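# A structural walkthrough
Single-letter residue listing:
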Amino acid sequence: MKIKLKDNKVFFENKGLKKEIHPFWLRERVNGDEYIDKITQQRLFDPTQLKENIQINNLNLNDTYLEVKFNDGAYTKLKVKNILKEFSNFNDVKYIDKIKWDSSFKDLNNFNFEENLFEKKKMYDALINFYKYGFVMFKKVPTKNNFIVNFANSIGSVRRTNFGEFFDVKSKPNPNDLAYTSLPLAPHTDNPYRNPVPCIQMLHCIENEVKGGFSTLVDGYTVTEKLKKDFPSFYKVLTEVKVRFQFIDQSVILEDWAEMIQLDENKKFKQVRFSPRLDFVPLIEKKKLELYYLARKKLSELYNSENFKIRFKLMPGDLLMMDNHRLLHGRTSYNANDGNRYLQGCYIDYDSTEGKLRYLAKKYELELND
Ligand SMILES: [Fe+2]
């Protein structure tokens, strides 16, 4: 990638392709003290108030800087490196490559909690792991005074729901959700009925004295890729049909329509939703519905297969942070008479982890896609 000049025009050259950079695009990036607030990096001017016919009067380029003088009198010295960055996928959280995993995955991405963790390079490494594998495990996290809220708010902000700022996962009488029983929980994603669906779930183990009650995780991305390869017609129908997810609580009825496997604008994996007690398929044509039911059955079979599932026991102090748009989680049954099993959970959204990661990358001068 290179910047080139010709006849008072700036060109961006990449892999033999040469494109002119619009003068207005450069004018918007004018960065002297009178144009940009030094601390916030926010503009002190409103680009919508500028004249449309912005032209370049004068240009100068060396290895480090591009100097531009515009016809409205503005002058700027832009770092070539920063201009090139805007044309690349580099240093963008979205482009951290996902690594598929299945039941053979042994490394649980453990990071010990320590003083001031959220400002350390270790936190950066943990978050990179989270984006690669869809989860990361913190050990020895303090268990007193609902520390999970503190933890979540040190990365970003807790996403409060009608379950509260955080929720307790332990067996209780008259539960409003199966999570609050000692029954096994098959792999599922949380809250598919919300809009938006909580992005990240944290589960913090406070006590675990029971014999069973193992936690399980499945990589929805791995399973989606498997389905796409081996059962393309199932993959197609599950990425096309939107179903209604519903949750009825005492004072609220939550509903959202979405595909079980949602793709992004480039037809790539975006999100899975799976919670077979809460989904309602619309009354579509019988033949398509038949295919849909077969596809959902196969998907469930894969999610529940021992080939894809990892299983581990959360111990007091363990805090599991998982991507609720990518992974499915569950637990094996336990006997509530064995003793206490007590987890606390909460949600945060992607802006928290992405924001923290960009901040730490800048602090330690690291490139996210190295
Ligand atoms: Fe759950």
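This one's a predicted model, so the numbers in the text were calculated from it and none came from an experiment.

### As for helix H4 (residues 147-155)
If you check which residues of H4 are buried, you get Ile148, Phe151, Ala152 and Ile155. Taken down its axis, H4 places every buried residue within 95° of arc, on the same side. At its buried positions, H4 is contacted by strand E11 (200-208), strand E19 (319-323), strand E21 (341-348) and helix H8 (350-363).

### Description of the packing of helix H6 (residues 232-240) against helix H7 (residues 286-304)
Between H6 and H7, the least distance of the axes is 9 Å, while the angle of their chain directions is 105°. Relative to H7, H6 is oriented roughly perpendicular. Touching Ser233, Phe234, Val237 and Leu238 of H6 are Lys288, Leu291, Tyr292, Leu294, Ala295, Lys298 and Leu299, all from H7. Residues of the contact of H6 with H7, tallied by class, amount to 8 nonpolar, 1 polar and 2 charged.

### Here we look at H7
Compared with an ideal rise of 1.5 Å per residue, which puts 19 residues at 27 Å, H7 spans 27 Å between its outermost C-alpha atoms and is within 8% of the ideal. Taken residue by residue, H7 has Tyr292, Ala295, Arg296, Leu299, Leu302 and Tyr303 as its buried positions. Buried residues of H7, viewed axially, fall in a sector of 125°; they line one side. In H7, the exposed positions that point more than 90 degrees away from the buried face belong to Lys286, Lys287, Glu290, Tyr293, Lys297 and Glu301. Residues of H7 that are buried make contact with strand E10 (185-188), strand E12 (215-219), helix H5 (220-230), H6 and strand E20 (327-331).

### Here we look at the nonpolar core
Within the largest apolar cluster, 60 residues are counted, with the highest numbers of intra-cluster contacts made by Phe135, Met202, Leu238 and Met321. Looking at this core element by element, the count peaks at 7 residues for helix H3 (residues 121-133). Among all residues touching leucine 238, those that are not within four sequence positions of it are Glu259, Met260, Ile261, Ala295 and Leu299. If you look at the next biggest cluster of nonpolar residues, it comprises 5 residues, including Leu26, Leu66, Val68 and Phe70.

### Notes on the pairing of strand E4 (residues 56-61)
Direction of pairing for E4 relative to strand E5 (residues 65-70): antiparallel, over a ladder of 5 bridges. Bridged to leucine 59 within E5 is valine 68. Between the end of E4 and the start of E5, which pair antiparallel, lie 3 residues.

### Examining the sheet that holds strand E8 (residues 135-139)
Reading across the sheet, the 6 strands line up as E7-E8-E19-E11-E21-E9 and stay open at both edges, with mixed pairing between neighbours. Looking along the sheet, the strands with just one partner apiece sit at the ends: strand E7 (110-112) and strand E9 (167-169). The sheet shows a mean angle of 25° between the axes of neighbouring strands, direction not considered. Here 3 bridges tie E7 to E8, and the two strands are oriented parallel to one another. Bridge assignment links asparagine 110 to a residue of E8, and that residue is methionine 137.

### Digging into the sheet that holds strand E3 (residues 17-21)
What the 3 strands build is an open sheet, ordered E1-E2-E3; its pairing is antiparallel. Taken across any chain shown, the strands that pair with only one partner, and hence form the sheet edges, are strand E1 (2-6) and E3. Strand-to-strand twist of the sheet, defined as the mean angle between neighbouring strand axes without regard to direction, takes the value 35°. Relative to strand E2 (residues 9-14), E1 runs antiparallel, the two being bridged by 5 bridges. Its bridge partner lying in E2, leucine 5 is registered against valine 10.

### Details of the domain arrangement of the protein chain
Each assigned domain of the protein chain is listed here: domain 1 (2-87) and domain 2 (110-363). Between domain 1 and domain 2, the C-alpha centre-to-centre distance is 44 Å.

### Notes on unusual backbone geometry
A cis amide bond links asparagine 195 to the next residue, proline 196, at an omega of -5°. Counting through the fold element by element, proline 196 comes out in the loop between E10 and E11. A positive phi angle, near 60°, is found at asparagine 8, a position not held by glycine. Of note, asparagine 8 is situated in the loop between E1 and E2. Taking the number of C-beta atoms within 10 Å as the measure of exposure, asparagine 8 has 13 and is therefore partly exposed. The backbone of glutamate 365 sits at a positive phi, close to 50°, despite the residue not being glycine. Inspection of the secondary structure assignment puts glutamate 365 in the segment after H8.

Definitions and cut-offs
- Residues numbered from 1 in each chain as written.
- Predicted model: local features only at pLDDT ≥ 70, side-chain atom pairs only at ≥ 80, totals over all residues.
- Buried ≥ 20, exposed ≤ 12 C-beta atoms within 10 Å, placed from the backbone.
- Helix = DSSP H or I, 4+ residues; strand = E, 2+ residues; numbered from the N terminus.
- Arc of directions from axis to C-beta.
- Contact = placed C-beta atoms within 7 Å.
- Axes fitted to C-alpha atoms, helices over the stretch in contact; angles between N-to-C directions.
- Parallel < 35°, antiparallel > 145°, perpendicular 65-115°, else oblique.
- Nonpolar A, V, L, I, M, F, W, Y, C, P; charged D, E, K, R; others polar.
- Expected span 1.5 Å × (residues − 1).
- Core = buried A, V, L, I, M, F, W, Y, C linked by C-beta atoms within 7 Å.
- Pairing = 2+ DSSP bridges.
- Domains from an automatic or database assignment.

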